[in-house]
Amino acid sequence: VAANELSLSTQQEIYDRDHAQDFYHHRLTFADEIHGKSVSETVNILSTWARLDPTCPMELVLHSPGGAAMPGMALFDTLRTLSREGHFITTSILGFSASMAGVILQAGDKRRMGRESYLLIHEISGQSVGKIGDMEDVTRFLNKMQARIVDIFVGRSDGKITREAVINGWQRRDWWLTSDECLHYGFIDEI
């Protein structure tokens with residue numbers, strides 16, 4: 001039966017059933033921009049799973065254009081904290097993960113990627129208004145955050161890529177990587 005032939009209530013029941021199964025199996029698909037609300041909702045679900053089952057494995061499936069760095073780092077830290085508390089965290093890409101979503105991918109104990117998926121990484125972006133001193137303060141902070149993001153990619157690569165190679169790869173451009181390239185550089189563990 002085609003979806004357009006089903007009643008709205010039947011479609012809703014199917015949707016609820018499928019999402020309940022993902023919830024039961026601790027698998028969450030993040031298919032949104034990274035911003036305060038989407039991260040807050042995700043953290044709430046992960047925290048609920050952690051309270052209900054203190055050692056359950058969890059999977060975060062990313063299909064995201066990226067977004068804001070600060071909420072993204074909060075989600076990254078949440079995933080790493082859950083891992084330290086005994087949850088095995090799998091992060092996966094289906095389709096694509098761009099920008100901050102690529103950083104979040106690195107939070108998994110196991111990082112996976114669909115064969116036909118893509119990862120985009122680039123220099124941190126931001127904006128500033130105000131006096132020159134205000135803009136210089138923002139630039140200093142963004143440089144500090146960017147250095148930390150480079151450290152995350154290099155640290156998770158298990159020695160397969162250097163700091164200089166990451167910086168050269170993304171400097172002044174978007175660096176799109178295939179699943180094979182991500183495996184080669186150590187940005188994922190399996191395809």
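Here the structure is a predicted model, which means the values were calculated and not measured.

What counts, and where the lines are drawn
- Residues numbered from 1 in each chain as written.
- Predicted model: local features only at pLDDT ≥ 70, side-chain atom pairs only at ≥ 80, totals over all residues.
- Heavy atoms only, no water.
- Axes fitted to C-alpha atoms, helices over the stretch in contact; angles between N-to-C directions.
- Helix = DSSP H or I, 4+ residues; strand = E, 2+ residues; numbered from the N terminus.
- Left-handed = near helix turned anticlockwise from the far one by under 90°.
- Contact = heavy atoms within 4.5 Å.
- Nonpolar A, V, L, I, M, F, W, Y, C, P; charged D, E, K, R; others polar.
- Phe/Tyr/Trp six-rings, centres within 6.5 Å; stacked < 30°, edge-to-face > 60°.
- Buried < 20%, exposed > 50% of the residue type's maximum accessible area, 1.4 Å probe, protein only.
- Pairing = 2+ DSSP bridges.
- Right-handed = clockwise from strand over helix to strand, strands pointing away.

**Some remarks on the packing of helix H3 (residues 69-84) against helix H5 (residues 132-156)**
Piece 1. The contact between H3 and H5 brings their axes to 12 Å, and the two run at 35°. Between H3 and H5 the crossing geometry is left-handed. Residue-level inspection shows Ala69, Met70, Met73 and Phe76 of H3 in contact with H5, the latter providing Phe141, Met145, Arg148 and Ile152.
Piece 2. Along the lines of polarity and charge, the residues of the contact of H3 with H5 split into seven nonpolar, no polar and one charged.

**Describing the packing of aromatic side chains**
The description of two aromatic rings rests on the distance between their centres and on the angle between their planes.
Piece 1. Applying the stated criterion across every chain, the model contains four aromatic pairs.
Piece 2. Here the aromatic rings of Trp175 and Tyr185 are separated by 5.5 Å at their centres, their planes lie at 65°, and the arrangement is edge-to-face. Note that Trp175 is positioned in strand S6 (residues 175-178) and Tyr185 in helix H7 (residues 179-185), a separation of ten residues in sequence.
Piece 3. In this structure Trp175 comes out as buried when scored by relative accessible area, which is 9%.
Piece 4. Ring centres 6.4 Å apart and planes at 85° place the aromatic pair Trp175 and Phe187 in the edge-to-face group. Here Trp175 is found in strand S6, whereas its partner Phe187 is found in the segment after H7, with twelve residues between them in sequence.

**Notes on the pairing of strand S2 (residues 58-64)**
Every regular strand shows the same layout, with side chains that alternate between the two sheet faces.
Piece 1. Counting buried residues along S2, six of its seven residues qualify, which places the element largely inside the surrounding structure.
Piece 2. Alignment of strand S1 (residues 27-30) against S2, held across four bridges, turns out to be parallel. By the bridge assignment, Leu28 is partnered in S2 with Leu60.
Piece 3. As a crossover connection, the stretch from S1 through helix H2 (residues 36-52) into S2 is right-handed.
Piece 4. Judged from the six bridges that link them, S2 and strand S3 (residues 89-98) form a sheet pairing that is parallel. The partner of Leu62 across the bridge, within S3, is Ile93.
Piece 5. In this fold, the crossover linking S2 to S3 by way of H3 has right-handed handedness.

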